[in-house]
Amino acid sequence: MNAGPPLWLLAELTYRCPLHCAFCYNPVDFARHEDELSTEDWLRILREARALGAVQCGFSGGEPLVRDDLETLVAEASRLGYYTNLLTSGVGLTAERARALRAAGLDHVQLSFQDSTQEVNDFLSHTRTFDLKNRVAGLIKAQGWPMVMNVVLHRLNIGHVDRIVEMAQALGAEYLELANTQYYSWALHNREQLMPTSQQLRDAEAVVDALRERLAGRMRIFFVAPDYHEGRPKRCVNGWGSTFLTVTPDGLALPCHTARMLPGLAFPNLRETSVQHAWQDSDGFNRFRGTAWMKEPCRSCDQREEDLGGCRCQAFQLAGDAAAADPVCAKSPDHAVVQAALAIAERGEPPARPLVFRSPANSRRLDAPGAAGALPQER
Ligand code: SF4
Ligand code: SF4
């Protein structure tokens, strides 16, 4: 089918990161993908994606600041006319680098926090980074960048949403994104420890609604609802191969940042092929474009154009079939898997095992053949 332009380029510059978040969205096997693209590769990708119509470029990771060519890449993206965004944990952003990135034309910074308290922030990232993030927020404001603060919500911090909003306000954030955990990658591995109860969610939503009204005109607050609790899937990445082009640190072109887990799909490597070929002609991008690939119950469902059958990675991880309906959907024959996970969260029993933090050692351990708890873990 005809592909429009990839409006959003997400450049995952590296899987390296000084933090160890228990909900990290990087692949669980990230340690086996250490071979990063060169500066020249990235410069070519930026040019080719822009020529194809991309208008926004997000630099993410891992932690993109560990790449010392970040300023060069931002300068080229800016020269090409992209609206540029840096998605960072803050680690590595000094006053000097902030000035250099400003001079390179960086438009916007998204700073992640793990919580409003030092204790939970540092526990969840397994680092002492809370004070540093507060200082980095000051650096961002000093450069005059609009600041998005991003906090992933889960059972361990969802009760703090009022204090998280207070903290965002005190640090001068223009936008606050409260994103409930999506259970892929490391978060799926830690789902039992992270999933909130439905009462926790309802309480948090009520608090956020009231604060959003009170802060109207001063700060915009986005609350990204969790799909497990809704019984309805979300349209994944605004539709497979419709808007987003993710490029992994080692050069794979993907429709979304978790899609490399899907078996039997050949995603092109941009070391060997052009962005145009990858986006328009590859099997990886064409397989789930539109609705023609759907099976029942999606094929005859009146919601199919609305949600496009939900998330392909979730379908694979929970149902063992990337072409199945997303099991968070109440009509999915595999919905019982989601209900069982919700029931565990509602019971609120202490989890059977401790959190597994993202680290190269844990990545290698979980990726080892026959490793206990290796993903996918549902079937
Ligand atoms: S989620 Fe945490 S560990 Fe993962 S890349 Fe972001 S800051 Fe690093
Ligand atoms: S059956 Fe498929 S198309 Fe219908 S609501 Fe569920 S996931 Fe969406």
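Residues numbered from 1 in each chain as written. Chains lettered and ligands numbered in written order. Predicted model: local features only at pLDDT ≥ 70, side-chain atom pairs only at ≥ 80, totals over all residues.

J.: What's the story with the overall build of the chain in this structure? I'm lost.
T.: Scanning the chain from terminus to terminus reveals 15 helices and 9 strands. For 379 residues, the compact-globule formula gives about 21 Å, and the C-alpha radius of gyration of the chain, at 20 Å, lands near that figure. Summarising its shape, the C-alpha atoms of the chain cover approximately 55 × 45 × 45 Å along the three principal directions. A separation of at least 24 residues holds for 71% of the contacts in the chain among residues at least 6 apart in sequence. (Helix = DSSP H or I, 4+ residues; strand = E, 2+ residues; numbered from the N terminus. Rg over C-alpha atoms; globule rule 2.2 N^0.38 Å. Contact = placed C-beta atoms within 7 Å.)

J.: Sorry, what's going on with the site of ligand 2 here?
T.: Not every one of the 13 residues close to ligand 2 is listed here, only the nearest: Cys298, Cys301, Gln303, Arg304 and Cys329. Looking at the shell around ligand 2 residue by residue, the classes come out as 6 nonpolar, 3 polar and 4 charged. (Near = placed C-beta within 6 Å. Nonpolar A, V, L, I, M, F, W, Y, C, P; charged D, E, K, R; others polar.)

J.: Sorry if this is basic, but what is going on with unusual backbone geometry here?
T.: Leaving glycine aside, a negative phi is the common case for residues, and trans is the common case for peptide bonds. In this chain, Gly61 is followed by Gly62 through a cis amide linkage whose omega measures 15°. For Gly62, the location among the structural elements is in the loop between β2 (56-60) and α2 (70-80). A positive phi is found at Val237, a non-glycine position, where the angle reads about 40°. Within the element layout of this structure, Val237 appears in the loop between β7 (220-224) and β8 (244-247). Residue class for Val237 comes out buried when judged on the 23 C-beta atoms lying within 10 Å of it. A positive phi angle, near 60°, is found at Asn238, a position not held by glycine. A tally of 13 C-beta atoms within 10 Å means that Asn238 is categorised as partly exposed. (Buried ≥ 20, exposed ≤ 12 C-beta atoms within 10 Å, placed from the backbone.)

J.: Would you take a moment to explain the site of ligand 1 for this structure?
T.: Within the structure, ligand 1 sits among Cys17, Leu19, His20, Cys21, Cys24, Asn26, Gly61, Gly62, Glu63, Ser89, Ser112 and Arg358. In the shell around ligand 1, the residues fall into 4 nonpolar, 6 polar and 2 charged.

J.: How do you make sense of the UniProt feature "binding site: [4Fe-4S] cluster" (unreviewed entry) in the chain when you look at a structure like this?
T.: UniProt's entry tags Cys17, Cys21 and Cys24 with the feature "binding site: [4Fe-4S] cluster" (unreviewed entry), counted in the numbering of this structure. You can see Cys17 is positioned in the loop between β1 (8-12) and α1 (39-52). With residues up to four places along the chain from it excluded, the contact list for Cys17 reads Gly61, Gly62, Glu63 and Ser89. Here Cys21 is to be found in the loop between β1 and α1. Residue classification places Cys21 among the buried residues on the basis of 21 C-beta atoms within 10 Å. Sequence-distant contacts of Cys21, defined by excluding residues within four places in its chain, comprise Gln114, Leu124, Ser125 and Arg358. (UniProt positions renumbered as here; feature names shortened; annotations may be inferred.)

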